[in-house]
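Chain by chain, the residues:
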Amino acid sequence: MTGRSRRILVLAALFLLFVTGCDQRGPDGEQVDPTEKIVIKFSHVVAEDTPKGQAARRFARLVQQRTGGRVEVQVFPNSTLYKDGEEMDALRQGAVQMIAPTTSKLSCLAPQWQLLDLPYLFESKEQVHQAMDGEIGQKLFATLEHYNIHPLAFWDNGFKHMTSSERPLVHPRDFAGLTFRVMINSRVLEEQFRCLGARATALPFSDVYSALAARQVDGQENTMSNIYSQGFYEVQRYLTVSNHGFMGYVVLTNATFWRSLPPDIRKVIEETMAEVTLWEREQAAGLNDKNFKQIESSGKVKIHIQTPQERVEWLAAFTPLYRQFTPVIGNELVEAVLRMKKNS
């Protein structure tokens, strides 16, 4: 073998070593080399100035600081990487390492998550936190491990409210004949509107504004921060402050990826996530209040605040929904929430 041939073989070997060495882990999820930089792609579908968007940025900054740059969390907001219907598959396939979907999106994997879509299930965010930080949350989280998904935290968005371009939504009969956008993968939300005499159309979050503006749908339900940050109030004439359902997010990571991380990195992520979760919940409450005032002061929407009697009317209309889905969700979970509310 000539000297030139030997040099070519050596260079080829070095090239192969370099390429394989750049991969953070093998296909079987073997542990990350402690000396390598770890990149976590965090994809979500809402704007950066929402509670989830702000918390994701804060989490990324703190993790990078606390690991001395060893971990870089790259945040991709506003469906820039994956849309609603794509991010779950992307997580399970390892294309991203972290997402934070609404709880409604998880019902396609485990029907128990439909619990949180039941209207008027909770009366306050404190009740939501008591449920999700306790045994009820643990049972729900456990349903995801089978799908190679490891839950990290429950974040708030807030209570949902109704909007419409056609007429004020005061009584259940006001919904008759209208079409409302609902989140994908939630049969409860679809049936919720049918109980009110309306039609439901499932759309990704990134498509909602254009559908409202083009009058492809007549209305939607959402939190104040989403209604404001996405500009829904600019193309909807009526807003009913109903607090009829709570929208929360579950921060998820790919379980194989999670097990591959060194123990010290997992500890930093868990501790930082717990800290950011408390911060996020405070921000969510404050931002929803602030955004409601901004919507109110814009003068673009006629606002109706639901009365206790109207709430009773709506709840009565939803009675068939509870009968239909309690067996699907599980009697034990529904009864556990009702007991918790009674004792709180």
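Coordinates for the structure precede this section.
Only a predicted model underlies this, so the values are computations on that prediction, with no experimental measurement involved.

How each quantity is defined
Residues numbered from 1 in each chain as written. Predicted model: local features only at pLDDT ≥ 70, side-chain atom pairs only at ≥ 80, totals over all residues. Heavy atoms only, no water. Helix = DSSP H or I, 4+ residues; strand = E, 2+ residues; numbered from the N terminus. Buried < 20%, exposed > 50% of the residue type's maximum accessible area, 1.4 Å probe, protein only. Pairing = 2+ DSSP bridges. Contact = heavy atoms within 4.5 Å. Axes fitted to C-alpha atoms, helices over the stretch in contact; angles between N-to-C directions. 1 Å grid on protein atoms, 1.4 Å probe; cavity = no way out; pocket = protein on both sides within 12 Å on 5 of 7 lines; lining within 4 Å. Points joined across faces, edges and corners; volume = space filled by probe spheres on them. Nonpolar A, V, L, I, M, F, W, Y, C, P; charged D, E, K, R; others polar. Salt bridge = Lys/Arg side-chain N within 4 Å of Asp/Glu carboxyl O.

Draft legend 1. Broad picture of unusual backbone geometry. Look at Arg215: it is not a glycine, yet its phi comes out positive at around 60 degrees. A positive phi is found at Asn243, a non-glycine position, where the angle reads about 50 degrees. Following the sequence through the fold, Asn243 ends up in the loop between strand S9 (238–241) and strand S10 (246–254). By relative accessible area, which is 36% here, Asn243 ends up partly exposed.

Draft legend 2. Inspection of the sheet that holds strand S4 (residues 149–159) at higher detail. The five strands are arranged S2-S1-S3-S10-S4 in an open sheet whose pairing can be described as mixed. Where the open sheet ends on each side, the last strands, each with one partner, are strand S2 (71–76) and S4. Sheet topology places strand S1 (residues 38–43) next to S2; six bridges connect them, and they run parallel. Of the residues in S2, the one forming a bridge with Ser43 is Phe76. Sitting on the sheet, helix H2 (residues 51–66) is in contact with S1, S2, strand S3 (98–99), S4 and S10, with an inclination near 165 degrees to S2.

Draft legend 3. View of empty space enclosed by the protein. Tallied over the entire structure, the rule returns four cavities of 30 Å³ or more. By volume, the largest cavity amounts to about 70 Å³. As for the largest cavity, its lining consists of Val45, Val46, Thr102, Lys105, Arg181, Met183, Phe205, Asn222, Asn226, Met247 and Tyr249. Considering only residue class, the lining of the largest cavity consists of six nonpolar, three polar and two charged. A volume near 40 Å³ is recorded for the second largest cavity. Elements with a minimum of two residues in the lining of the second largest cavity: strand S6 (179–182) and strand S8 (219–222). Across the lining of the second largest cavity, the residue classes tally to three nonpolar, one polar and three charged.

Draft legend 4. The pairing of S9, seen in detail. By the alternation rule, side chains of S9 split into Tyr238 and Thr240 and Leu239 and Val241, which are all buried. Relative to strand S11 (residues 302–305), S9 runs parallel, the two sharing four bridges. From the neighbouring strand, Val241 faces S11, where its bridge partner is Ile305.

Draft legend 5. Local environment of the pattern of salt bridges. A full pass over the atoms with the stated rule returns 13 salt bridges. When the shortest N-O distance is used, the salt bridge between Lys105 and Asp84 registers 3.1 Å. Of the two residues, Lys105 sits in the loop between S3 and helix H4 (125–132) while Asp84 sits in helix H3 (residues 84–93), which places them 21 residues apart along the sequence. In terms of burial, Lys105 and Asp84 fall into one category: buried. With its nearest N and O atoms 3.9 Å apart, the salt bridge here joins Lys300 to Glu234. Here Glu234 lies in the loop between helix H8 (224–229) and S9 and Lys300 lies in the loop between helix H10 (263–298) and S11, a separation of 66 residues in the sequence.

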